[in-house]
Amino acid sequence: MKKIKKDELKKSLYAIFSQFGQILDIVALKILKMRGQAFVIFRDISGATNALRSMQGFPFYDKPMRISYSKTDSDLIAKQKGTFVERPKRPVVKRVPVAPPVGDDSQMSRKERKRAAAKKQDELQVGGQKATAALPAGVPAGYPTQPQTGQGQSAAVIPEQPPNQILFLTNLPEETNEMMLSMLFNQFPGFKEVRLVPGRHDIAFVEFENEMQSAAAKDALQGFKITPTHAMKITFAKK
């Protein structure tokens, strides 16, 4: 399994578990003995119980999740109960940087890698600016070509389209990524893929094998809150 960044892991866990109740915190530690584990802290036991029963064995980054109750209360819950005990702080280990020997070309290769990464980022930005000028096929006519902000975000009225095996998602938060949406939709039969739009964080497409399967996912996830302030809007994509 590929290495997953901590922030991406927490966002993905929030996306799939927030449907079961209010989440107070998600804890994922990098220490060796805790690798591959995370704690999802719900406000109440009923939310945790529903999540455990519903998501046991759910495929997460290509592996089935194994879910159980935590053996001890989290710091947040312990503080609410008044049972919190401060843990001793771990000693800080200072690392001394070692300079490469004179004549070593490793420093040069590092600079080259930085230049290549910067060039790639520039190309992505240019591509994103071009993509905002004309949205791909499937976006309903009249949908704004730039992301909406503030109160104007709900101003765009999307006409209902006839059934389509491809769904059009709107009102997505900025932190949305392909993995988060895939984990939401791959629980439904017939799921094929998620397609993001370069330069647009607020919209995406999800494709199923047929219209009946896409309709089932549309009805089930309509209004799903990826974050507390973003209720996902789902329509059939324009044919």
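Predicted, not measured: the structure shown is a model, and the values here were computed from it.

### A look at the sheet that holds strand β7 (residues 200-208)
Move 1: A sheet is described by the order of its strands in space; here four strands give the open sequence β6-β7-β5-β10, paired in antiparallel fashion. Lying at the two open borders of the sheet, with one neighbouring strand each, are β6 (191-197) and β10 (233-236). When strand polarity is set aside, the average angle formed by the axes of neighbouring strands in this sheet is 25°.
Move 2: Bridge count between strand β5 (residues 166-170) and β7: four bridges; the pairing is antiparallel. Looking at β7, one finds that Ile166 is bridged to Glu207.
Move 3: Here helix α5 (residues 178-185) sits on the sheet and contacts β5, β6, β7 and β10; the angle it forms with β6, its principal contact strand, is near 150°.
Move 4: Where helix α6 (residues 211-221) meets the sheet, its contacts fall on β5, β7 and β10, and the angle it forms with β10 comes to roughly 160°.

### Side note on the pattern of salt bridges
Move 1: What the rule picks out here adds up to five salt bridges.
Move 2: The partner of Lys192 in a salt bridge is Glu207, with the nearest N and O atoms 3.5 Å apart. Taken together, the residues Lys192 in strand β6 and Glu207 in strand β7 connect sequence positions 15 residues apart.
Move 3: The exposure class of Lys192 is partly exposed, given its relative accessible area of 47%.
Move 4: For Arg195, the salt bridge goes to Glu207, with nearest N and O atoms at 2.7 Å.

### Some details on α6
Move 1: The set of residues buried in α6 consists of Gln213, Ser214, Ala217, Lys218 and Leu221. Seen along its axis, α6 keeps its buried residues to an arc of 140°; they face one direction. Across α6 from its buried face, at more than 90 degrees, point the exposed residues Met212 and Asp219.
Move 2: Between the side-chain oxygen at the start of α6 and the backbone nitrogen of Met212 there is a gap of 3.2 Å, and the oxygen is on Asn210.

### Section: the nonpolar core
Most often, soluble globular proteins have nonpolar side chains that are buried together.
Move 1: Among the nonpolar cores identified, the biggest contains 36 residues, and Ile16, Phe17, Leu167, Leu169, Phe185 and Met232 are the most heavily contacted of them.
Move 2: At the level of secondary structure, the elements contributing two or more residues to this core comprise α1 (6-17), β1 (23-27), α2 (45-55), β5, α5, β7, α6 and β10.
Move 3: Among residues more than four places away in sequence, those in contact with Leu169 are Leu181, Phe185, Asp202, Ile203, Ala204, Val206, Met232, Lys233 and Ile234.
Move 4: By size, the runner-up hydrophobic cluster in this structure holds six residues, among which are Ile166, Val197, Ile203 and Phe205.

### Observations concerning the side chain of His230
Move 1: Structurally, His230 is set in strand β9 (residues 230-231).
Move 2: Take His230: its relative accessible area is 17%, and that puts it in the buried class.
Move 3: There is a polar contact of 3.0 Å between the side chain of His230 and the side chain of Thr229.

### As for the pairing of β6
Move 1: With six bridges connecting them, β6 and β7 associate as antiparallel partners. Bridge pairing links Glu193 to Glu207 in β7.
Move 2: Counting the residues between successive antiparallel strands, the hairpin from β6 to β7 contains two residues, one of them, Gly199, with a positive phi of roughly 85°.

### A short note on α1
Move 1: In a regular helix each residue adds 1.5 Å, so 12 residues correspond to 16 Å; α1 covers 16 Å between its end C-alpha atoms and thus fits that length.
Move 2: Among the residues making up α1, those that are buried are Leu9, Ser12, Leu13, Ala15, Ile16 and Phe17.
Move 3: Buried residues in α1 make contact with β1, β2 (39-42), α2, β3 (59-60) and α5.

Each value, and the rule that gives it
- Residues numbered from 1 in each chain as written.
- Predicted model: local features only at pLDDT ≥ 70, side-chain atom pairs only at ≥ 80, totals over all residues.
- Heavy atoms only, no water.
- Pairing = 2+ DSSP bridges.
- Helix = DSSP H or I, 4+ residues; strand = E, 2+ residues; numbered from the N terminus.
- Axes fitted to C-alpha atoms, helices over the stretch in contact; angles between N-to-C directions.
- Contact = heavy atoms within 4.5 Å.
- Salt bridge = Lys/Arg side-chain N within 4 Å of Asp/Glu carboxyl O.
- Buried < 20%, exposed > 50% of the residue type's maximum accessible area, 1.4 Å probe, protein only.
- Arc of directions from axis to C-beta.
- Polar contact = N/O pair within 3.5 Å; in protein donor to acceptor, adjacent residues only side chain to side chain.
- Core = buried A, V, L, I, M, F, W, Y, C linked by side-chain atoms within 4.5 Å.
- Expected span 1.5 Å × (residues − 1).

So, to be careful, I would describe these as geometric facts and stop short of saying anything about function.
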